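Report on the structure
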Amino acid sequence: MRFLLRRFGFYLTAAWASVTLAFVIPRLMPGDPATAMFARFRGRLKPQALDSLRAALGFTHAPVWKQYFQYLSHALRGDLGVSIGYYPATVGSVIAQALVWTLFLTGLAVVFSFVLGTLLGLASAWKRGGWLDGVAPPLLTLLGAFPYFWLAMAVLFLFGFQLGWFPLRHAYDDQLTPGLNLPFLISVSQHVVLPALTVVVVTVGGWMLSMRSTVINVMAEDYVLFAHAKGLPEMRIVFHYVARNALLPNLAGFGMALGFVLSGSLLTEIIFSYPGQGYLLIRAVKSLDYPLIQGLFLTTTFSVLGANLLVDAAHVWLDPRTRG
Amino acid sequence: MKALLENRKALVGLAILAVFAVIAVIGPWIVGDAGEFVAVPLAPPSLAHWFGTTGQGQDVLAQTIAGTRSTLLLGVIVGFLTVAIGAIVGTAAGYFGGWTDELLTLVINLFLLMPGLPLCVVIAAYLPSGSATIGLVLVVTGWAWSARVIRAQALSLRQSVFVSAAVVIGESPLRIVLLEILPNMTSLLVTSFIGATIYAIGAEVGLEFLGMGNIGAVTWGTNLYWASNDVALPSGSWWTFVPTGASIALVGFALAMINNALDELSNPRLGAERAFVRATGRKRLEIHAPTPVLRTVANVRR
Amino acid sequence: MSAAELLVVEDLRVEYLTERGDVRIVDDVSFRIGAGEAYGLAGESGSGKSTIALAILRLLRPPAAITNGRVSFCGTDLLSLNAAELRAFRWKEISLVTQSAMSALNPVLRVSDQIVDAILAHERVSRREALERAAGLCDIVGIDRERLRSYPHQLSGGMRQRMVIAIALALRPKLIIMDEPTTALDVVVQKQILKRILDLKEKMGFSILFITHDLALMLQLCDRIGILYAGRLMETAPAATLLGQPQHPYTRGLMSCFLEVHQPKADRRGIPGVPSDPRHPPAGCRFHPRCAFVMDVCRETTPLLTSRGAGHESACHLPGAAGTEVAPALIPPSEVTARKVTS
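Computed from a prediction, not measured in an experiment: that's the story for all the values here. (Residues numbered from 1 in each chain as written. Chains lettered and ligands numbered in written order. Predicted model: local features only at pLDDT ≥ 70, side-chain atom pairs only at ≥ 80, totals over all residues. Heavy atoms only, no water.)

Comments concerning the overall build of chain C
Of the regular secondary structure elements, chain C holds 11 helices and 12 strands. Across the 343 residues of chain C, 53% fall into the buried class. In chain C, the proportion of contacts linking residues at least 24 apart, taken out of those at least 6 apart, comes to 64%. Of the accessible surface of chain C, which amounts to about 14800 Å², a share of 52% is contributed by carbon and sulfur atoms. (Helix = DSSP H or I, 4+ residues; strand = E, 2+ residues; numbered from the N terminus. Buried < 20%, exposed > 50% of the residue type's maximum accessible area, 1.4 Å probe, protein only. Contact = heavy atoms within 4.5 Å. Areas by Shrake-Rupley, 256 points an atom, 1.4 Å probe, with all protein chains shown as cover.)

What to know about the layout of surface pockets
Taken as a whole, the second largest pocket spans an internal volume of roughly 700 Å³. Along its surface, the second largest pocket is lined by 24 residues, and Arg6, Arg7, Phe10 and Met256 of chain A together with Asn109 of chain B are the ones closest to its centre. Among the secondary structure elements, those contributing two or more residues to the lining of the second largest pocket are α1 (2–28), α10 (234–271) and α12 (290–318) of chain A together with α4 (98–113) and α6 (131–158) of chain B. A total of seven residues in the lining of the second largest pocket trace back to one element, the largest contributor, which is α4 of chain B. Looking at side-chain class alone, the lining of the second largest pocket contains nine nonpolar, eight polar and seven charged residues. (1 Å grid on protein atoms, 1.4 Å probe; cavity = no way out; pocket = protein on both sides within 12 Å on 5 of 7 lines; lining within 4 Å. Points joined across faces, edges and corners; volume = space filled by probe spheres on them. Nonpolar A, V, L, I, M, F, W, Y, C, P; charged D, E, K, R; others polar.)

Thoughts on the interface of chain B and chain A
Listed per partner, the contact involves 49 residues of chain B and 60 residues of chain A. Approximately 4900 Å² of surface area, both sides summed, lies buried where chain B meets chain A, with 79% of it carried by carbon and sulfur atoms. At the boundary of chain B with chain A, the tally comes to zero salt bridges. Summed over the shared surface of chain B and chain A, the number is four residue pairs in polar contact (both at pLDDT 80 or more). The leading source of residues in the side of chain B that touches chain A is helix α11 (residues 242–265) of chain B, at nine residues. (Buried area = accessible area lost by both parts, 1.4 Å probe. Salt bridge = Lys/Arg side-chain N within 4 Å of Asp/Glu carboxyl O. Polar contact = N/O pair within 3.5 Å; in protein donor to acceptor, adjacent residues only side chain to side chain.)

Re helix α10 (residues 220–229) of chain B
Here α10 of chain B lies mainly inside the structure; seven of its 10 residues are buried. Next to the buried residues of α10 of chain B lie α7 (148–162) of chain A together with α2 (8–31), α3 (60–96), α9 (186–209) and α11 of chain B. Immediately downstream of α10 of chain B, the backbone of Val231 of chain B shows phi near 45 degrees, a positive value.

A short note on the pairing of strand β11 (residues 306–309) of chain C
All names here are of chain C. Of the strand pairs in this sheet, β11 and strand β12 (residues 312–314) are connected by three bridges, and their pairing is antiparallel. Its bridge partner being in β12, Ser307 is matched across the sheet by Glu313. Hairpin connection, β11 to β12: the antiparallel pair is bridged by two residues, and Gly311 has positive phi, about 65 degrees. (Pairing = 2+ DSSP bridges.)

Looking at the confidence of the model for chain A
Considering every residue of chain A, the mean pLDDT works out to 83; 89% of them sit at 70 or more. Looking across chain A, the model is least confident in helix α3 (residues 47–56) of chain A, with a mean pLDDT of 63, and most confident in helix α9 (residues 222–229) of chain A, with 92. (pLDDT = per-residue confidence, 0-100.)

Concerning the interface of chain A and chain C
Across the boundary between the two partners, chain A contributes 25 residues, which contact 25 residues of chain C. Around 2200 Å² of area is buried between chain A and chain C when both sides are counted, 61% of it from carbon and sulfur atoms. Counting the surface chain A buries against chain C, the share from its top three residues, Leu225, Phe226 and Lys230 of chain A, is 29%. For the interface between chain A and chain C, the tally reads two salt bridges. Between Arg236 of chain A and Asp117 of chain C there is a salt bridge; the shortest N-O distance is 2.9 Å. Our count for the chain A to chain C interface comes out at 13 residue pairs in polar contact (both at pLDDT 80 or more). No other element matches α9 of chain A, which puts seven residues into the side of chain A that touches chain C. Partitioning the side of chain A that touches chain C into residue classes produces 13 nonpolar, five polar and seven charged.

Describing the environment of Gln70 of chain A
In this fold, Gln70 of chain A is placed in helix α4 (residues 64–76). According to the relative accessible area criterion, Gln70 of chain A is partly exposed, its value standing at 42%.

A few points about the sheet that holds strand β6 (residues 94–97) of chain C
All names here are of chain C. Strand order in this open sheet of eight strands is β6-β7-β8-β3-β9-β10-β12-β11, and the pairing throughout is mixed. Two strands bound the open sheet, and with one partner strand each, they are β6 and β11. When the angles between neighbouring strand axes are averaged without regard to direction, this sheet yields 20 degrees. Where strand β3 (residues 38–42) lies against strand β8 (residues 207–212), five bridges are found, and the strand directions are parallel. The residue of β8 that forms the bridge with Ala42 is Thr212. Docked against the sheet, helix α1 (residues 49–56) engages β3, β6, β7 (175–179), β8 and β9 (224–229), running at close to 145 degrees with respect to β8. Sitting on the sheet, helix α6 (residues 157–169) is in contact with β6 and β7, with an inclination near 175 degrees to β6. (Axes fitted to C-alpha atoms, helices over the stretch in contact; angles between N-to-C directions.)

Thoughts on the sheet that holds strand β5 (residues 76–77) of chain C
Residues and elements named next belong to chain C. As summarised here, the arrangement of the four strands in space is β2-β1-β4-β5, forming an open sheet in which the pairing is antiparallel. Here the strands that pair on one side only, and so sit at the sheet edges, are β2 (21–34) and β5. Sheet analysis places strand β1 (residues 5–18) next to β2, joined by 10 bridges and oriented antiparallel. Bridged to Leu7 within β2 is Ile33.

Below, the structure is given as structure tokens:
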């Protein structure tokens, strides 16, 4: 329990640090966002708009520390400002919808990839020198070397455009009404296959190699030798003695990698025009929608922190040593 | 070094890298101006243009070759800077311990956890687009990974006998770090550098694809940016993005193979196992099988 | 093979097959253990004693292979069993207690599960019955039954070792191999556990193959002792004989390494030199580079085990008639003579 509390404290600190970072970065940059936007969209913004824009972005004439606390309190309340590109919608409302889709896609892909990679790693380490051990790691390393968005393009091209097996964009068929009805659910499932497949293909190699490495180490441990001496059936040794112990370090690595995977997932969304945060991100970049960019940074960071907390909870559940 | 050249994985990786290195160096001379309009846009591969043409009528092969230098150069520079900063922070944390370590570890973990892409975008949005900006944001988001790994190694080296002795003698921390600790981490620094370069190339391409690079320049990332912008997919023009993607993957794969080979070399158990498999005449290694009884081996080997 | 002989090990040879050649870890070792007997195998670290223990049950990992010899248990040739037969045989007939009990126990399973799964792997009983038996085993080794529900990290070192012994007794094996079972524990706990083991041996009638580098411990516990050096047996004798009339210079060296508290202060001599590298063993007698009595023949010919008395064998070129001590002129002046080890 103490372990979880300590981790929670860390995540709280991390959350505070990211909010602070989001506050500090614009103020470190030469000029301020309003001036930067004016410079880029020369002629499209009236000079009077600059002042209201600055105010909207929190660049008031109050002293910096006051601005900071105002920003913090806004963030705590979920008020991330007003979006420039989607004016007058608030950043929060724009992100909320997208967040659901991102969590759905990435969550699904990541869990599937981790489970598959872990099983493959276990199998390849148990039967070393077999074909799985020889072929899979280099092949999956090669696949993992392709950038997410490139693989997304390839997958979309092959299975979407050429073969027509799966839909080409969006999260569901636009003509359907969202809700807990069967046609909608089927459509959602169809639309998530290709993007999720992309993320799985890029990441599964990493999990496999990592599990393979920990399994090899665990197999050299004394308690595995003892288990063999006891004459236990092979399956019991594989799962209860080897896999359960080898899984623990991998779980920690899983949490660490989530931020990285999320970044790649965002790029994948862009290719598939999947209405998640990746899609919002590219639009925000194109229109220099600073409040939205910052809001996305905060929500993606918080998502990763939350997911890590879940992973830590799983760790506590699986490892009796953390329970004290 | 010699052992590396004997390792099959390393050879494959080095060979691939060598090819790309050559292309990077002499490419732009051979190709000339890759950006010039040469033929009908979106023409499929043909004898005249081996990789076809882009949506703006440029030769894809030329574009790919021309992009090699910028992409690899930036990747290597970012990789180096990332490891350099990671080494400084990691060694400081591991060596000094105490509050310094606690604080630095907190910062390291923070940067490890935060998703890189949104952070890159937040910073880069305020800066002019181009390679320098990309390099900067990549270093800011990427240093933490090598810092963590180097910190762990520095921590264990700190406990070692010869470092403790140096501390007792009264050598200055800087000398100890430079003369005792860093030299013993060479293999770790090399593998970190390779890993960081892999990350840098991938991330750089990603940011350029989003349009944050200098879209006028010819790099692998901007090639893909234009391919996507020029509706490569709906028009079925696969040749506009496949060669670039394949190049990126091959370089990443080659670097990963070299890293794998380096790992294998530092783990002698794997080599011993190969010999055992040969001696027992089995096709694979079953660690959990009972100890084999080989009466013939003894006779044959004698 | 007499009815009382449980384990027969003949000319056992274990080698590591590596890229740079084969390394012989155990070199033509032979010994027998009878029913209800405690046989001790003593030697320095690296002498091959743990390797022998694991080789009997064929638990050695690659690159180890058994390249010669015969190991039979109650008539069954262990070296010819296949994986399935070996799995059924292990623990039921021969069980194992290893040095570090913490690492022998699976950290993620409760201790009760680790006893129960051994029982369930070999006998068709219900889980409840297996748990009952586990509780009974706790009583035998002297642990509170409540402790069954604990995880290994929640138990002290002594408790964990008792648990491991309880697991080893679970199927009432005929032979228990104990490899340094108490080395990692403090002296007080060590004594308690060893006493417990002896009591159980008397009550349950199992044999013990006791492996340790601590000769003093072995002399208390075992009926017969074998002295191992660099993978070869140097001397083997009943405990009392070994204590009173050690023949082999290595054994004498080992004896002189510990002092009797009550005796007058005597010169304590270790054995000079270091154990030989298994990859390049010395020619002739393995021990000759460190031997105070080395002769020319020792450098050329490997001595074989020859009888020096009832049940007493020594592999040495030094002359020693049956039952007599080695000629006094050959004993260095500071050699310590026989002592009694009292418990």
